[in-house]
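Residue strings, one per chain:
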Amino acid sequence: ATRGLPSGCAPTSIAEGTTRRRCASALAGALAIPGLDVVPAGAEKPVIDEGTTVFEDINPCTGEPHEITINYADRVQAPKKNGNVVVQLSAVDGSTSDGYVLLNSSGRVVENGKWFKQQFTDTWKNFETGGKLQASLQVMVNTETGDVTREDFRLRCLGKPSPE
(Lines give C-alpha, C1' and ligand atoms only; values in the text may rest on other atoms or scores of the structure.)
Protein backbone atom coordinates (compact mmCIF):
# COMPACT_ATOMS: atom_id res chain seq x y z
CA ALA A 1 0.00 0.00 0.00
CA THR A 2 3.00 2.30 -0.04
CA ARG A 3 4.20 1.93 -3.62
CA GLY A 4 5.89 4.99 -5.03
CA LEU A 5 5.63 7.23 -1.98
CA PRO A 6 7.64 10.44 -2.11
CA SER A 7 9.74 11.18 0.95
CA GLY A 8 7.11 13.61 2.27
CA CYS A 9 4.62 10.80 2.62
CA ALA A 10 6.75 8.68 4.91
CA PRO A 11 4.50 8.10 7.92
CA THR A 12 5.80 9.67 11.09
CA SER A 13 2.63 10.25 13.11
CA ILE A 14 0.29 7.99 15.03
CA ALA A 15 -2.13 8.26 12.14
CA GLU A 16 0.36 6.81 9.68
CA GLY A 17 -2.26 4.62 8.05
CA THR A 18 -4.38 7.54 6.90
CA THR A 19 -1.37 9.46 5.62
CA ARG A 20 0.00 6.35 3.94
CA ARG A 21 -3.33 5.52 2.26
CA ARG A 22 -3.85 8.98 0.88
CA CYS A 23 -0.30 9.38 -0.41
CA ALA A 24 -0.23 5.91 -1.92
CA SER A 25 -3.62 6.32 -3.53
CA ALA A 26 -2.73 9.69 -4.97
CA LEU A 27 0.56 8.55 -6.42
CA ALA A 28 -0.76 5.23 -7.62
CA GLY A 29 -3.58 7.07 -9.30
CA ALA A 30 -1.53 9.85 -10.75
CA LEU A 31 1.55 7.93 -11.79
CA ALA A 32 0.89 4.21 -12.00
CA ILE A 33 -2.62 3.46 -13.25
CA PRO A 34 -2.27 1.11 -16.22
CA GLY A 35 -3.01 2.91 -19.45
CA LEU A 36 -2.77 6.42 -18.01
CA ASP A 37 0.43 7.09 -19.90
CA VAL A 38 -1.35 6.48 -23.20
CA VAL A 39 -4.16 8.96 -22.53
CA PRO A 40 -3.58 12.05 -24.69
CA ALA A 41 -2.69 15.27 -22.88
CA GLY A 42 -5.81 17.31 -22.20
CA ALA A 43 -8.09 14.27 -22.25
CA GLU A 44 -11.37 14.95 -20.49
CA LYS A 45 -12.29 11.52 -19.15
CA PRO A 46 -10.92 10.85 -15.64
CA VAL A 47 -9.77 7.44 -14.46
CA ILE A 48 -11.30 6.09 -11.26
CA ASP A 49 -8.86 4.44 -8.81
CA GLU A 50 -11.05 2.32 -6.49
CA GLY A 51 -9.96 0.25 -3.56
CA THR A 52 -10.16 -0.56 0.10
CA THR A 53 -7.51 0.00 2.70
CA VAL A 54 -7.42 -1.34 6.25
CA PHE A 55 -4.98 -0.19 8.91
CA GLU A 56 -4.62 0.22 12.67
CA ASP A 57 -4.43 3.65 14.24
CA ILE A 58 -4.98 5.39 17.59
CA ASN A 59 -8.36 6.97 18.31
CA PRO A 60 -7.52 10.53 19.49
CA CYS A 61 -10.70 10.63 21.61
CA THR A 62 -9.98 7.48 23.61
CA GLY A 63 -6.23 6.93 23.19
CA GLU A 64 -7.01 3.32 22.28
CA PRO A 65 -5.98 1.53 19.07
CA HIS A 66 -8.68 0.81 16.52
CA GLU A 67 -8.83 -0.71 13.05
CA ILE A 68 -9.95 1.57 10.22
CA THR A 69 -11.44 0.45 6.92
CA ILE A 70 -11.80 2.98 4.09
CA ASN A 71 -13.39 2.30 0.69
CA TYR A 72 -12.33 4.93 -1.81
CA ALA A 73 -12.93 5.96 -5.41
CA ASP A 74 -10.33 8.61 -6.28
CA ARG A 75 -10.77 10.43 -9.61
CA VAL A 76 -7.54 10.86 -11.58
CA GLN A 77 -7.55 13.47 -14.32
CA ALA A 78 -5.08 12.64 -17.08
CA PRO A 79 -2.17 15.02 -17.54
CA LYS A 80 -3.24 18.39 -18.88
CA LYS A 81 -1.32 20.33 -21.51
CA ASN A 82 0.58 22.03 -18.68
CA GLY A 83 1.66 18.61 -17.36
CA ASN A 84 -0.41 18.68 -14.16
CA VAL A 85 -2.00 15.48 -12.92
CA VAL A 86 -4.95 16.13 -10.60
CA VAL A 87 -6.45 13.57 -8.25
CA GLN A 88 -9.71 14.22 -6.38
CA LEU A 89 -9.50 12.08 -3.24
CA SER A 90 -12.84 10.58 -2.31
CA ALA A 91 -13.51 8.07 0.43
CA VAL A 92 -16.83 6.48 -0.40
CA ASP A 93 -17.40 5.10 3.08
CA GLY A 94 -15.47 3.92 6.08
CA SER A 95 -15.78 2.43 9.53
CA THR A 96 -13.67 1.65 12.57
CA SER A 97 -13.59 -1.32 14.91
CA ASP A 98 -14.79 0.92 17.76
CA GLY A 99 -17.96 2.09 16.00
CA TYR A 100 -17.01 5.25 14.11
CA VAL A 101 -18.27 5.84 10.57
CA LEU A 102 -16.92 8.23 7.97
CA LEU A 103 -19.14 11.33 7.77
CA ASN A 104 -17.30 13.11 4.98
CA SER A 105 -14.03 13.06 3.16
CA SER A 106 -12.44 15.52 0.77
CA GLY A 107 -9.02 15.99 -0.66
CA ARG A 108 -6.94 16.80 -3.68
CA VAL A 109 -3.52 16.04 -5.09
CA VAL A 110 -1.71 17.96 -7.81
CA GLU A 111 1.55 16.66 -9.26
CA ASN A 112 3.34 18.54 -12.02
CA GLY A 113 6.74 16.89 -12.32
CA LYS A 114 8.37 19.29 -9.88
CA TRP A 115 5.88 19.49 -7.00
CA PHE A 116 3.61 17.01 -5.25
CA LYS A 117 0.88 18.89 -3.33
CA GLN A 118 -1.73 17.09 -1.28
CA GLN A 119 -4.46 17.96 1.18
CA PHE A 120 -7.31 16.00 2.71
CA THR A 121 -9.76 16.07 5.59
CA ASP A 122 -11.69 13.05 6.89
CA THR A 123 -14.35 13.46 9.60
CA TRP A 124 -15.65 10.46 11.58
CA LYS A 125 -18.49 10.02 14.10
CA ASN A 126 -19.63 7.33 16.49
CA PHE A 127 -23.42 7.77 16.58
CA GLU A 128 -23.79 5.48 19.59
CA THR A 129 -21.36 7.35 21.88
CA GLY A 130 -21.38 10.80 20.24
CA GLY A 131 -17.59 10.75 19.72
CA LYS A 132 -16.28 12.66 16.70
CA LEU A 133 -12.75 12.82 15.26
CA GLN A 134 -10.97 14.36 12.30
CA ALA A 135 -7.80 13.57 10.37
CA SER A 136 -6.32 16.19 8.05
CA LEU A 137 -3.12 16.57 6.06
CA GLN A 138 -1.41 19.23 3.97
CA VAL A 139 1.90 18.29 2.40
CA MET A 140 4.09 19.75 -0.34
CA VAL A 141 7.12 17.89 -1.68
CA ASN A 142 9.71 18.99 -4.23
CA THR A 143 9.79 15.84 -6.35
CA GLU A 144 13.14 16.76 -7.90
CA THR A 145 14.96 16.93 -4.55
CA GLY A 146 12.62 14.99 -2.25
CA ASP A 147 12.54 17.97 0.13
CA VAL A 148 9.34 18.36 2.14
CA THR A 149 8.56 22.07 2.16
CA ARG A 150 5.29 21.78 4.08
CA GLU A 151 3.83 18.99 6.18
CA ASP A 152 0.95 19.56 8.55
CA PHE A 153 -0.83 16.43 9.80
CA ARG A 154 -3.53 16.68 12.46
CA LEU A 155 -5.52 13.99 14.19
CA ARG A 156 -8.04 15.64 16.50
CA CYS A 157 -10.87 14.68 18.81
CA LEU A 158 -13.79 16.97 18.02
CA GLY A 159 -16.15 15.50 20.60
CA LYS A 160 -15.40 13.04 23.39
CA PRO A 161 -17.55 9.93 23.54
CA SER A 162 -20.05 9.88 26.36
CA PRO A 163 -19.21 7.51 29.24
CA GLU A 164 -20.86 4.11 29.06
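All of the points below concern the structure found in this document.

**A short note on the state of the cysteines**
Think of a disulfide as a covalent bridge from one cysteine sulfur atom to another cysteine sulfur atom.
Item 1. Taken as a whole and assessed by the stated rule, the structure comprises 1 disulfide.
Item 2. Paired by a disulfide, Cys61 and Cys157 hold their sulfur atoms 2.3 Å apart. One quick way to see it: the torsion about the S-S bond of Cys61 and Cys157 is about 105°, and its sign makes the bridge right-handed. Of the two residues, Cys61 sits in the loop between strand 1 (47-58) and strand 2 (65-77) while Cys157 sits in strand 8 (residues 148-159), which places them 96 residues apart along the sequence.

**Concerning the nonpolar core**
Item 1. The biggest cluster of nonpolar side chains holds 11 residues, and these are Val76, Val85, Val87, Leu89, Val109, Phe116, Phe120, Ala135, Leu137, Val139 and Val141.
Item 2. Elements represented by at least two residues in this core include exactly strand 3 (85-89), strand 6 (115-125) and strand 7 (132-142).
Item 3. Ranked by size, the runner-up nonpolar core spans 9 residues in total, among them Phe55, Cys61, Ile68 and Ile70.

Thresholds, definitions, all that
- Residues numbered from 1 in each chain as written.
- Predicted model: local features only at pLDDT ≥ 70, side-chain atom pairs only at ≥ 80, totals over all residues.
- Heavy atoms only, no water.
- Disulfide = S-S within 2.5 Å.
- Helix = DSSP H or I, 4+ residues; strand = E, 2+ residues; numbered from the N terminus.
- Core = buried A, V, L, I, M, F, W, Y, C linked by side-chain atoms within 4.5 Å.
- Buried < 20%, exposed > 50% of the residue type's maximum accessible area, 1.4 Å probe, protein only.

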